[in-house]
Amino acid sequence: MHTILLNENTLHPEWKLFDPFFYSEQAEGRLTTISYGQRDGFAALLDVVYKEVTEKRADDWHLVVLLHLDYPVSLKERLTAKLTDLKQTLVAGLKRKEAAPRKVTVLVMDALYEYDKGETCDTGSSLAVEMDFQGYLSSENLFERKTNLWTRHDFDLLDEAWGPPVDTENIGRIDHPDPQIYLELESRAESVRRCFSELQLEKQNQKGAGAYADEWMTRTSQRVEELFKVRLNQEITPPLSRDLAGFRPSSSLKTILKKNLSLDGALSNLTLIRQTMPRYAKDKKYGKWLEAAAFLQVIIQRPDLITKSIDGQQFYLNARLNDQEVDTLFSNYRLTLETARETLQTRLDSRAEMLIKRFEKVDANPQSSEPLEEDLAKPGPFVPSQVKSMADDWTQFLNETGVKLKEREEVMQQSARKGIETVKVHQRAPLNTESGKVLIGQYLEEIERDKNDLLLELESSTNPPGGALETWKTFREKHTRPLHADLKAYPDMKKRIVTALVLWIGLAFPLFYSLGTPGTWPQWQEWGHYLLIVILLAAVTGISFTGVRQLTLPITQTLEETGETKNDLFSEQQNRHEQTNRYLNGIFRIERLHREEKKVKEELDRKQLSNQLDHYHHREVKDALDALSHLEDHLHVQQRKTIAATAIQQFVNEKFDASKDVGECVIYSPLKCGEAGRNDYEPVTFVVGQTRTQVEPGKWKLLDEAKIQKDKVLHV
């Protein structure tokens, strides 16, 4: 069964020192503690409690309320007002939302009801106590201030308004009284009503700091008036009561006030357990709070001990602490906290300089491809005698080169695909570390610098789009038609000889015509003509040679350009092949740097988070030790060493989890720390009325015995 513990923490913030006693139950989901301010009241808790109930899906739960009844107390803070507020605002509100608790237990830390000690109370506290017991004041209204409470004087006025006892001898029949008697009863009742209304009006005007005003009286005045008038009408309405002669309006009003304004009506459907608290002795208060904490521990773990059969009753808690166990538990708790503090400090010191192991250097070039197959073939030189087959030879060379270029492209693609797979395999390889360590910040700077250098290198190694085949195709289309035309226009030897002879004869014919008669020796003037004929022959021969050379030149240039283009494309393919290889290796290196950087940053984040958590717990442990010292001082704890330091260290090493909050971390729970080195559960005697039960709340025994007995003080 889930338990929700409500505690008003305004007047007694010291109770917060006992919160660690409930950490383990909260961490296990069996308990929710909710603190609230004195001014908030229970109405402000409705939504908070309902949210907790729905989130925990607690259909079956136990509401425990810890109330402090201090001295002095005002009428507004009297116990009846608090209990009625609890029932009418919180419990009733939860019932409307179909989330009502199965049982409600109120533990009252009482520093007020100390009659057995003979202590005097101030006026306000005396009024509050008497109102809690009776709902009215039985003494004379002799206070220095006015009040809206019903007093003995008010009751006397009501009885005076009723008059002397009714003479029942002359009533006649009970179910049909004498008319004169009925008129007399009606007159008496009207006089009482008038007196009651006057008193009620007077009390409604008693407000402010100058009067002893009970807020709960003001809130219930209309209901009290209605009930009183109904009771009065019943008394004078036939059939009349045979006890009419003894009727007094004050008696009826007292009954109504007790039912509505005292603890008598406020205790229904809840169990009230009272524990006395010293009014002034602070050390004794801490002892009582520790008793209360130990008692609450028991009923949280065993809610069945508070059964429905004791609802609406008042009990007194008589708990007896086991002083030796208290000393031992607090000693173990202190030793655990001190050990945890030393452990945290050691961890923080070890991370003063954040170091990390370097990652092993690996082969930075996992991909290594073979160079492309070379081809030194080129077009043959121009041979005039082979001019007819030259076009076919050139076309064949182009075709063969195109096939080789395509084959080389395929080889490059296959090599790239193989390289990608090789790189992927190497990328999946684990990152192993070296023995040497380096500062994390320095290592991250190195990785970032290497990444930037590598990115610049990759940028220069990015392959241009491959276009060797397209380039070769364009070259072929550009030169095929001109080469064929040049080859077709190239003359053969016969044409060149005939052309030269015709040209020479045409030029030399006039010179032959001017020569002398054949057979005669030429004159000296004719020798010039002969010389000129020879010169013309030489000139025609030179011109013919030059012309043929001009026709040969574009063919030769095309053949040479074909070889050069082929070599350039082969070189370009080889370069792209090598760049692809370098690019894949660069991708591997950059990816590995990314992985290394990610691992280093994860380690940095882990160390920083660990530092933050350890710093947080270091502060919390210090605060817990300060709170523990405060408790030890007021509880007069005697340090007892009953467990070895190694066992405590082992407990801290095994149980301390820095990722958990204070409430979930066992080292902050004195009860869990008290279990260190213990194996057996300790029985505690729990007595409710005449029922005696042995319970085992844990491996500790703060209480020797806890008795819930009928309260002889709140004997309403």
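Right above here is the structure, for reference.
The present account deals with the structure reproduced in this document. None of the values given here were measured: they were computed from a predicted structure.

1. Examining the overall build of the protein
Counting secondary structure elements, the protein contains 18 helices and 13 strands. Across the 716 residues of the protein, 45% fall into the buried class. Counted over contacts in the protein with a minimum sequence separation of 6, partners at least 24 positions apart contribute 83%. Carbon and sulfur atoms form 51% of the exposed surface of the protein, whose accessible area is close to 38,600 Å².

2. A look at the side chain of serine 252
As for its position among the elements, serine 252 is in helix α8 (residues 249-261). For serine 252, a relative accessible area of 9% gives the class buried. Beyond its immediate chain neighbours, meaning those up to four positions away, serine 252 contacts Arg231 and Phe247.

3. Focus on the packing of aromatic side chains
Tallying each qualifying case throughout the model produces 14 aromatic pairs. Judged by centre distance (6.2 Å) and plane angle (40 degrees), the rings of tryptophan 15 and phenylalanine 22 are tilted. In this pair, the class of tryptophan 15 matches that of phenylalanine 22, namely buried. With a centroid separation of 6.3 Å and an interplanar angle of 40 degrees, the aromatic rings of phenylalanine 18 and tyrosine 286 are classed as tilted. Of the two residues, phenylalanine 18 is situated in the loop between β1 (2-8) and α1 (23-27) and tyrosine 286 in helix α10 (residues 282-301); the sequence distance between them amounts to 268 residues. Judged by its relative accessible area of 0%, phenylalanine 18 falls in the buried class. The exposure class of tyrosine 286 is buried, given its relative accessible area of 0%. Through a chain of ring-to-ring contacts, the aromatic side chains of Trp15, Phe18, Phe21, Phe22, Tyr286, Trp289 and Phe330 assemble into a single cluster.

4. Topic: the packing of helix α6 (residues 179-204) against helix α7 (residues 215-236)
Across the interface, α6 lies against α7 with an axial gap of 10 Å and an inter-helix angle of 170 degrees. Classified by the angle their axes make, α6 and α7 are roughly antiparallel. Where α6 approaches α7, its residues Tyr182, Leu185, Glu186, Ala189, Val192, Arg193, Phe196, Ser197, Gln200 and Gln204 are matched on the opposing element by Ser221, Val224, Glu225, Phe228, Lys229, Leu232, Asn233 and Ile236. Looking at side-chain class alone, the contact of α6 with α7 contains 9 nonpolar, 5 polar and 4 charged residues.

5. Section: the state of the cysteines
Here the structure, examined in full by the defined rule, presents 0 disulfides. Cysteine cysteine 665 remains unbridged, with the sulfur of cysteine 673 as its closest cysteine sulfur at 8.9 Å. The buried category is assigned to cysteine 665, whose relative accessible area is 2%.

6. What about the side chain of serine 24?
In this fold, serine 24 is placed in helix α1. If sequence neighbours within four positions are ignored, serine 24 has contacts with Ser669 and Lys672.

7. Regarding the nonpolar core
The tendency in soluble globular proteins is for nonpolar side chains to be buried as a group. Core analysis: the largest hydrophobic core is formed by 70 residues, its most contacted members being Leu6, Val49, Leu63, Leu79, Leu90 and Trp150. Broken down by element, the residue count for this core peaks at 7 residues, all from α6. The contacts of leucine 90, once residues within four sequence positions are left out, are Leu6, Phe42, Leu45, Leu46, Val49, Leu63 and Asp85. In this structure, Leu107, Leu635, Cys665 and Leu671 belong to the second largest nonpolar core, which totals 68 residues.

8. Observations regarding α10
Between the first and last C-alpha of α10 there are 29 Å, a value that for 20 residues agrees with the 28 Å anticipated at 1.5 Å per step. Extensive coverage of α10 is indicated by the burial of 15 of its 20 residues.

9. Details of the pattern of salt bridges
For the structure shown, the criterion picks out 37 salt bridges. Notably, a salt bridge pairs lysine 229 with glutamate 225, separated by 2.8 Å at the nearest N-O pair. Taken together, the positions of lysine 229 and glutamate 225, both in helix α7 and 4 residues apart, correspond to about one turn of that helix. Note that lysine 451 and glutamate 448 form a salt bridge whose closest N and O atoms lie 3.9 Å from each other. Taken together, the residues span about one helical turn, with lysine 451 and glutamate 448 both in helix α13 (residues 440-460) at a distance of 3 residues. Residue classification places lysine 451 among the buried residues on the basis of a relative accessible area of 10%. Connected through salt bridges with shared partners, the residues Glu25, Glu28, Arg30 and Lys672 form a single ionic network.

10. Observations concerning the environment of alanine 644
Relative to the assigned elements, alanine 644 resides in the loop between α16 (526-635) and α17 (645-655). Take alanine 644: its relative accessible area is 42%, and that puts it in the partly exposed class.

11. Digging into the packing of helix α2 (residues 46-56) against helix α3 (residues 79-96)
Their axes nearest at 10 Å, the elements α2 and α3 cross at an angle of 40 degrees. Judged by the inter-axis angle, α2 sits oblique to α3. The interaxial crossing formed by α2 with α3 has right-handed handedness. Taking contact as the criterion, the partners of Leu46, Val49 and Tyr50 in α2 are, on α3, Thr89, Leu90, Gly93 and Leu94.

12. Quick look at the sheet that holds β1
Spatially, the 9 strands line up as an open sheet ordered β2-β1-β3-β4-β7-β8-β13-β11-β12, and their pairing is mixed. Looking at which strands have only one partner, the edges of the open sheet turn out to be β2 (31-36) and β12 (691-698). Direction aside, neighbouring strands of the sheet carry axes that sit 25 degrees apart on average. Two strands pair when backbone bridges link them, and strand β7 (residues 271-276) and strand β8 (residues 314-321) are joined in this way by 3 bridges, in the parallel orientation. In the strand pairing of β8, arginine 274 is matched with tyrosine 316. Against the sheet, α3 engages β1, β3 (61-69), β4 (103-110) and β7, with an angle of about 155 degrees to β3.

13. Focus on the environment of serine 435
In this fold, serine 435 is placed in strand β10 (residues 433-439). By relative accessible area, serine 435 is classed as exposed at 71%.

14. What to know about unusual backbone geometry
Most peptide bonds are trans, and most residues other than glycine sit at a negative phi. Between tyrosine 71 and the following residue, proline 72, the backbone shows a cis peptide bond with an omega angle of -5 degrees. Inspection of the secondary structure assignment puts proline 72 in the loop between β3 and α3. In this chain, proline 238 is followed by proline 239 through a cis amide linkage whose omega measures -5 degrees. Along the chain, proline 239 falls in the loop between α7 and α8.

15. Brief notes about helix α5 (residues 152-162)
Where α5 is concerned, the buried positions are Asp154, Phe155, Leu158, Asp159, Ala161 and Trp162. Summarising the axial view, the buried residues of α5 lie within an arc of 155 degrees, below the 170-degree limit, and thus occupy one face. Elements in contact with the buried residues of α5: α6, α7 and α8.

16. Examining the environment of glutamate 291
Within the secondary structure, glutamate 291 sits in helix α10. Note: C-alpha distance between glutamate 291 and leucine 702 (411 residues apart in sequence) is 8.2 Å. If sequence neighbours within four positions are ignored, glutamate 291 has contacts with Gln275, Ala319 and Leu321.

17. Quick look at a negative patch on the surface
A cluster of like negative charges, contributed by Glu373, Glu374, Glu407 and Glu410, occupies part of the molecular surface. Within the secondary structure layout, glutamate 373 lies in the loop between β9 (355-359) and α12 (387-427).

Reading the values: rules and limits
Residues numbered from 1 in each chain as written. Predicted model: local features only at pLDDT ≥ 70, side-chain atom pairs only at ≥ 80, totals over all residues. Heavy atoms only, no water. Helix = DSSP H or I, 4+ residues; strand = E, 2+ residues; numbered from the N terminus. Buried < 20%, exposed > 50% of the residue type's maximum accessible area, 1.4 Å probe, protein only. Contact = heavy atoms within 4.5 Å. Areas by Shrake-Rupley, 256 points an atom, 1.4 Å probe, with all protein chains shown as cover. Phe/Tyr/Trp six-rings, centres within 6.5 Å; stacked < 30°, edge-to-face > 60°. Axes fitted to C-alpha atoms, helices over the stretch in contact; angles between N-to-C directions. Parallel < 35°, antiparallel > 145°, perpendicular 65-115°, else oblique. Nonpolar A, V, L, I, M, F, W, Y, C, P; charged D, E, K, R; others polar. Disulfide = S-S within 2.5 Å. Core = buried A, V, L, I, M, F, W, Y, C linked by side-chain atoms within 4.5 Å. Expected span 1.5 Å × (residues − 1). Salt bridge = Lys/Arg side-chain N within 4 Å of Asp/Glu carboxyl O. Left-handed = near helix turned anticlockwise from the far one by under 90°. Pairing = 2+ DSSP bridges. Arc of directions from axis to C-beta. Patch = residues over 30% accessible without salt bridge, like charges linked within 9 Å, V, L, I, M, F, W, Y side chains within 5 Å. Lys, Arg positive; Asp, Glu negative; His and termini not counted. Charge placed at Lys NZ, Arg CZ, Asp CG, Glu CD.

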